[in-house]
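Chain by chain, the residues:
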Amino acid sequence: MKIKLNTVEFDVTPVPSTLREVLLADEVIARGAWRDIWRWDHAGQSGEYMVQLTPQNGVPIGNGVSFFVPRPGGEGPPRRADAPTEKMGRRFLEGVGAKSMVEVMQALTRVVGLPQRPAPLAQFAALTPVASYTLRQHVDFAVVQLSNAARNLSAYFFVPGQVIYRANVTDIPDPSAHEAVIAAEPKLANLQPGFVLTPGTEAGLMLRRLAMLQRLADLKAGMGEMQPGDLPEDDPRRHLIARLGVEWRLLAAKKPGAGQVGRGTAPATA
């Protein structure tokens, strides 16, 4: 797969999971992966979005770009070489003829689309009579490398694949009332509804397929001969495998060129 920025063509390749985790720890990317998007004030019995909505009243779920040049040698996860990484970022902008990363992001967003969705407020409505809380949004990204070997240019592209929500309770005026609500709806204590984001373009679909195949292969390699059903109930890999399985079924069923459907979602968790 290839993506062209201005006149420069880039190969698109998935990244191994060990590098993916390092890239996701980047401060800028992490801010996009986790953010508060809505808050409920119990005292005023009112709620409001904490982010700017799209014209369709959805929360935009943005793509991301970062640069990473590893330090030579060493053991364990790759570590960033700061000066070469900063130089790569400057060279990348010059190479594609962009004045800023905003221009790069705009160009890439035209290629893969920009998903959006409203917060699932109804699923947390039972908390509104008994607590103040913020709704946190977590984005699970597909991560690929964009590289042009002839020009020695490289960047990492982050495309939203799933979005997960959870409530962060900030105030409980009446603990007994709150306990009664949780007793009546126990799932509220750890409710994290998730949704698979439908690819908005053919390029977005193919890119996410590449990234997903890499993640699934890395998971399988890490488990050896063990099957998902053999994992302990509290092993986080069980939940991850289930979520990725839902997303892969959606990606595998989609037909390239199916149209601009970037606002669609499908449930990933109960």
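As the structure is a prediction and not an experimental result, all values here were calculated from the model.

Q: Help me understand the pattern of salt bridges in this model?
A: Note that side chains of opposite charge can pair when their charged atoms are close. One pass over the structure, following the stated rule, counts 13 salt bridges. One salt bridge connects Arg80 with Asp82, and the closest N-O pair in it is separated by 2.9 Å. A relative accessible area of 30% means that Arg80 is categorised as partly exposed. Linking Arg237 and Asp235 is a salt bridge whose minimum nitrogen-to-oxygen distance equals 2.9 Å. With relative accessibility at 14%, the residue Asp235 sits in the buried group.

Q: Honestly, the side chain of Asn63 in this entry has me stumped. Any pointers?
A: Relative to the helices and strands, Asn63 resides in the loop between β5 (59-60) and β6 (64-66). Discounting chain neighbours no more than four positions away, the residues touching Asn63 are Met105, Thr109, Val112, Gly113, Leu114, Phe157, Phe158, Val159 and Pro160.

Q: Can you help me understand the packing of aromatic side chains in this one?
A: Aromatic rings in a pair are described by how distant their centres are and how their planes are angled relative to each other. One pass over the structure, following the stated rule, counts 6 aromatic pairs. One aromatic cluster is present, formed by Phe10, Phe67 and Phe92 through successive ring pairs. We note Arg117 situated over the ring of Phe195; from NZ or CZ to the ring centre the distance is 3.9 Å.

Q: Can you walk me through the pairing of strand β10 (residues 194-197) in this structure?
A: Two faces, one strand: in a regular strand the side chains alternate between the faces of the sheet. Covered by surrounding structure in β10 are Gly194 and Val196 together with Phe195 and Leu197, the residues of both alternating faces. In terms of strand pairing, strand β9 (residues 153-171) meets β10 through 3 bridges, oriented antiparallel. Residue pairing in the sheet places Ile164 in a bridge with Gly194 of β10.

Q: Help me understand the pairing of strand β2 (residues 8-14) in this model?
A: As defined by bridge partners, strand β1 (residues 2-5) adjoins β2 across 4 bridges and the pair is classed as antiparallel. In the sheet register, Leu5 faces β2, and the bridge partner there is Val8. Following β1, the chain reverses through 2 residues before pairing antiparallel with β2; Asn6 in that reversal takes a positive phi of roughly 55°. In this sheet, strand β8 (residues 132-148) lies alongside β2 in antiparallel orientation, the contact comprising 4 bridges. Residue pairing across strands places Pro14 opposite Val144, the latter belonging to β8.

Q: Explain the packing of helix α6 (residues 202-223) against helix α7 (residues 236-253) to me, please; I cannot follow it from the model alone.
A: Two packed helices can be described by the angle between their axes and the distance between those axes. Where α6 meets α7, the axes come as close as 10 Å, and the angle between the chain directions of the two elements is 145°. The chirality of how α6 crosses α7 is left-handed. Within the contact between the two elements, α6 uses Leu205, Arg208, Arg209, Met212, Leu213, Arg215, Leu216, Leu219, Gly222 and Met223 and α7 uses Arg237, Leu240, Ile241, Leu244, Glu247, Trp248, Leu251 and Ala252.

Q: Honestly, the nonpolar core in this entry has me stumped. Any pointers?
A: In summary, soluble globular proteins display a tendency toward joint burial of nonpolar side chains. Among the nonpolar cores identified, the biggest contains 33 residues, and Phe141 and Phe158 are the most heavily contacted of them. Within the residue set of this core, elements represented by two or more residues are α1 (17-24), α2 (27-33), β3 (34-41), β8, β9, α5 (175-184) and β10. Counting residues per element, this core draws most heavily on β8, which supplies 5 residues. Setting aside residues no more than four positions away along its own chain, Phe158 makes contact with Leu23, Leu24, Ile29, Asn63, Gly64, Val65, Ser66, Phe141, Ala142 and Val143. The next biggest cluster of nonpolar side chains, apart from the first, holds 26 residues, and it includes Val65, Leu108, Leu153 and Leu207.

What counts as what
- Residues numbered from 1 in each chain as written.
- Predicted model: local features only at pLDDT ≥ 70, side-chain atom pairs only at ≥ 80, totals over all residues.
- Heavy atoms only, no water.
- Salt bridge = Lys/Arg side-chain N within 4 Å of Asp/Glu carboxyl O.
- Buried < 20%, exposed > 50% of the residue type's maximum accessible area, 1.4 Å probe, protein only.
- Helix = DSSP H or I, 4+ residues; strand = E, 2+ residues; numbered from the N terminus.
- Contact = heavy atoms within 4.5 Å.
- Phe/Tyr/Trp six-rings, centres within 6.5 Å; stacked < 30°, edge-to-face > 60°.
- Lys NZ or Arg CZ within 6 Å of the ring centre and 35° of its normal.
- Pairing = 2+ DSSP bridges.
- Axes fitted to C-alpha atoms, helices over the stretch in contact; angles between N-to-C directions.
- Left-handed = near helix turned anticlockwise from the far one by under 90°.
- Core = buried A, V, L, I, M, F, W, Y, C linked by side-chain atoms within 4.5 Å.

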